[in-house]
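Coordinate analysis (summary)
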Amino acid sequence: MRKIFVTGGAGFIGSAFVRQVLEEQPDVEIVDYDALTYAGNLENLAGLDPARHSFIKGDICDRPAVLEAMPEGCDAVFNFAAESHVDRSIHSADEFLRTNIIGTQVLLDAARAKGVRRFVQVSTDEVMGSLPEDDSAFFTEASPHKPNSPYAASKAAAEFVVRAARETFGVDAVITRCGNNYGPRQFPEKLIPLMIANAMNDEPLPVYGDGQNVRDWIFVDDHCRAIWLAYEKGRSGEAYNIGARNERRNLEVVRSILAALGKPESLIRYVDDRLGHDRRYAIDPIKAETELGWRPQVTWEEGLAATIDWYRENQAWVEHIRNGEYREYYRQMYGAALG
Ligand code: NAD
Ligand code: DAU
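Residues numbered from 1 in each chain as written. Chains lettered and ligands numbered in written order. Predicted model: local features only at pLDDT ≥ 70, side-chain atom pairs only at ≥ 80, totals over all residues. Heavy atoms only, no water.

Counting 36 residues, the largest nonpolar core has Ile192, Ile196 and Ile257 as the members making the most contacts within it. Those elements that provide at least two residues to this core are α6 (191-200), β8 (205-208), β9 (214-219), α8 (250-261), β12 (268-271), α10 (300-313), α11 (315-322) and α12 (326-338). At seven residues, the largest contribution of residues to this core is made by α6. Not counting chain neighbours up to four residues away, the residues in contact with Ile257 comprise Ile192, Met195, Ile196, Leu304 and Ile308. Within the second largest apolar cluster, 35 residues are counted, among which are Phe17, Val120, Ala226 and Tyr240. (Core = buried A, V, L, I, M, F, W, Y, C linked by side-chain atoms within 4.5 Å. Buried < 20%, exposed > 50% of the residue type's maximum accessible area, 1.4 Å probe, protein only. Helix = DSSP H or I, 4+ residues; strand = E, 2+ residues; numbered from the N terminus. Contact = heavy atoms within 4.5 Å.)

Attention shifts here to the site of ligand 2. Of all residues adjacent to ligand 2, which total 26 residues, the nearest are Asp125, Tyr151, Arg274, His277 and Tyr334. Between an oxygen atom of ligand 2 and a side-chain N or O atom of Asn180, the distance comes to 2.8 Å. Taking Asn250, its side chain carries an N or O atom lying 2.9 Å from an oxygen atom of ligand 2. Protein contact buries 95% of the 690 Å² of open area that ligand 2 shows by itself. Breaking the shell around ligand 2 down by element, the ones donating at least two residues are α3 (86-91), α6 and β8. (Near = heavy atom within 4 Å. Polar contact = N/O pair within 3.5 Å; in protein donor to acceptor, adjacent residues only side chain to side chain. Areas by Shrake-Rupley, 256 points an atom, 1.4 Å probe, with all protein chains shown as cover.)

Before going further, it helps to spend a moment on the site of ligand 1. The full set close to ligand 1 counts 28 residues, and Ile13, Asp34, Ser84, Tyr151 and Lys155 are the nearest of them. Take Thr37: an N or O atom from its main chain is 3.0 Å from an oxygen atom of ligand 1. Within the side chain of Lys155, an N or O atom sits 2.7 Å from an oxygen atom of ligand 1. Contributing elements (two or more residues each) for the shell around ligand 1: α1 (12-24), β5 (118-124), α5 (150-169) and β7 (180-182).

Each turn of an α-helix holds 3.6 residues, which means side chains three or four residues apart point in the same direction. The terminal C-alpha atoms of α12, which comprises 13 residues, lie only 16 Å apart, well short of the 18 Å expected from a rise of 1.5 Å per residue. Approximately 45° is the largest bend angle found in α12, and it occurs at Gln332. Within α12, the full set of buried residues consists of Tyr326, Tyr329, Tyr330, Tyr334 and Leu338. Here the buried face of α12 lies against α3, α6, β8, β12 and α11. With its phi angle positive at about 75°, Gly339 sits one or two positions after the end of α12. (Expected span 1.5 Å × (residues − 1). Bend = angle between axes of the 7 residues up to and from the residue.)

This brings us to the confidence of the model for the protein chain. Here the protein chain shows a mean pLDDT of 97. Residues at 70 or above account for 100%. Mean pLDDT across the secondary structure elements of the protein chain bottoms out at α12, with 89, and peaks at β5, with 99. (pLDDT = per-residue confidence, 0-100.)

Note on placement: Thr299 falls in the loop between α9 (286-292) and α10. Residue classification places Thr299 among the partly exposed positions, given a relative accessible area of 37%. Considering only alpha carbons, one finds Thr299 and Ile218, 81 residues apart in sequence, at a separation of 8.5 Å.

See the structure below:
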């Protein structure tokens, strides 16, 4: 059996990755290490095989705890753990710098101490900043780092500490940079699950600015497959951009959700724009396609329908979140604008 160490495995993408690996890689055992912040949710891990999946609650910045949790003979570390929401980073950046940068350094040090074969850093297209609108420009692996939000800056810095570990100590490391994920179990602070949850409850849908910002959407399982292939086939020291060639304006996304749920567009409320709001993300995935043999398998139409169905069928999951700390976050974030 191959052992892997997954951080942030109780979050949205980490839990999808853990599920997919358990299903598709029968020779793999997973140690899942997660601090269970507001975004970590043990409900995301319900029903997994305890013989192949063990969960440890811990902070990636806690060096002794990481060293104790990372198993001997571990083949790879997959670092999903992060503070991930741009709006929260605008409100307060401290936790983003701590978890996303210091935490990554602690994991790299531990991986070196334990002789881990490969380190996979799950990064984001946001490290490359914003593209002009109505332009044929795309993010490639040669695009410069130009992060615009505190979140993006912390993820860019994390990429640099990964690079430094490789250059200085020869740590075998690959970086994946994906665009906007959507799918089941995404925390309802992000655009798609927030809009689905609000629409289902006939509550207003807050659209920032003019709603014309463009994001390049990918179904979460397609992202997870790319991360696995980067681990198996990626070249050490390389970054791989992951995208499904699926650019959509925010307003189009919101309207599609309303239509699928049979709700009126009068629920849309235009609210103040996000500070420093990146206008357009668009990924050229040709390197991942040619070097990793990766292709997305889920179309936007299929993925969005499956996501909406999941939220419809799992209203208890959403309500557990909406009844907790989320209330206060929502009040602070949207209270003044939505009344
Ligand atoms: P998420 O916020 O849903 O989950 C993050 C997880 O990390 C949570 O389970 C949380 O408890 C855990 N965590 C946070 N701080 C921790 C700490 N100090 N120690 C241990 N665990 C900690 O995030 P997500 O959307 O699943 O994103 C996962 C990763 O993918 C992040 O690194 C993010 O930057 C990256 N990414 C996300 C997207 C996206 O669209 N969501 C796109 C590209 C890359
Ligand atoms: O591109 C990858 C990134 O995608 C990841 O690295 C981040 O972790 C992830 O959060 C996501 O960042 P975005 O800022 O693009 O995602 P978010 O869902 O917050 O917003 C998507 C778009 O929708 C963005 O243009 C802002 C807009 N938006 C968002 C919210 C929450 C609204 O108009 N209204 C909202 O209430």
